Amino acid sequence: MSRLDAVNKKTILDAEPVIGNLITKSISVGDSEGGYAAQLIWENGSTPSMVVKLEASLDGINFVEIDQQTVTGVSGTELWDVSNTYVECIRFNIVHTSGSADITILFSGKARH
């Protein structure tokens, strides 16, 4: 990456207390050259049992699950590193079974020029 390359960074959730099902707003990734990365961080877990699904779409309406991570324990982190993708948007679907945790989701992608 040269010094002229811009990096698109976004915070999708910022230590959001999750005690039920939650679907984030979708974000555009169509301008990310060569892929993107998303990091899931959870803290202050009170016996959480959740599945965080990374979902993708070409039209921003119909989403399909492309991967998932399980949230258990007091704290933890997971990383999705997606390369060579042609999807237009992504979102995160948190399926809550029990407990609670503060969830942060970060996004980073190299901007296409």
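See the structure printed just above.
What about the overall build of the protein chain?
A count of helices and strands for the protein chain gives zero helices and seven strands. Start at the N end of the protein chain and walk to the C end: the helices and strands fall as β-β-β-β-β-β-β. Computed over C-alpha atoms, the radius of gyration of the protein chain comes to 14 Å, within 12% of the 13 Å expected from 2.2 N^0.38 for 113 residues, which places it in the range of a compact globule. Seen through its principal axes, the protein chain has C-alpha atoms that stretch 45 × 30 × 20 Å. The buried share of the protein chain, reckoned over its 113 residues, is 40%. Counting only carbon and sulfur atoms, one obtains 49% of the accessible surface of the protein chain, whose full area is about 6,400 Å². Computing the positive centroid from 8 side-chain charges and the negative centroid from 14, the protein chain places the two 7 Å apart.

Here we look at the side chain of Thr 85
Positionally, Thr 85 belongs in the loop between strand S6 (76–83) and strand S7 (89–110). For Thr 85, a relative accessible area of 16% gives the class buried. Among the polar contacts made by the side chain of Thr 85, one reaches the main-chain amide nitrogen of Val 87 at a distance of 3.4 Å. Each residue touching Thr 85, except ones within four places of it in the same chain, is listed here: Gly 35 and Tyr 36.

With respect to the pairing of strand S4 (residues 35–57)
Of the pairings in the sheet, the one linking S4 to S6 comprises eight bridges and is antiparallel in character. Within S6, the residue paired with Ala 37 across the bridge is Asp 81. Pairing analysis gives 17 bridges linking S4 to S7, with the strands arranged antiparallel. Bridge pairing in S7 links Met 50 to His 96. With eight bridges connecting them, S4 and strand S5 (residues 64–72) associate as antiparallel partners. The partner of Ser 49 across the bridge, within S5, is Thr 72. Linking two consecutive strands that pair antiparallel, namely S4 and S5, is a turn of six residues; a positive phi of about 75° is found at Gly 60 within it.

Things to note about the packing of aromatic side chains
According to the stated counting rule, one finds two aromatic pairs in the structure shown. Judged by centre distance (5.4 Å) and plane angle (45°), the ring pair of Trp 80 and Phe 92 falls under tilted. On the criterion of sequence distance, the pair formed by Trp 80 in strand S6 and Phe 92 in strand S7 is long-range, its members being twelve residues apart. Note on Phe 92: relative accessible area 0%, which makes it buried.

The rules behind these values
Residues numbered from 1 in each chain as written. Predicted model: local features only at pLDDT ≥ 70, side-chain atom pairs only at ≥ 80, totals over all residues. Heavy atoms only, no water. Helix = DSSP H or I, 4+ residues; strand = E, 2+ residues; numbered from the N terminus. Rg over C-alpha atoms; globule rule 2.2 N^0.38 Å. Buried < 20%, exposed > 50% of the residue type's maximum accessible area, 1.4 Å probe, protein only. Areas by Shrake-Rupley, 256 points an atom, 1.4 Å probe, with all protein chains shown as cover. Lys, Arg positive; Asp, Glu negative; His and termini not counted. Charge placed at Lys NZ, Arg CZ, Asp CG, Glu CD. Polar contact = N/O pair within 3.5 Å; in protein donor to acceptor, adjacent residues only side chain to side chain. Contact = heavy atoms within 4.5 Å. Pairing = 2+ DSSP bridges. Phe/Tyr/Trp six-rings, centres within 6.5 Å; stacked < 30°, edge-to-face > 60°.

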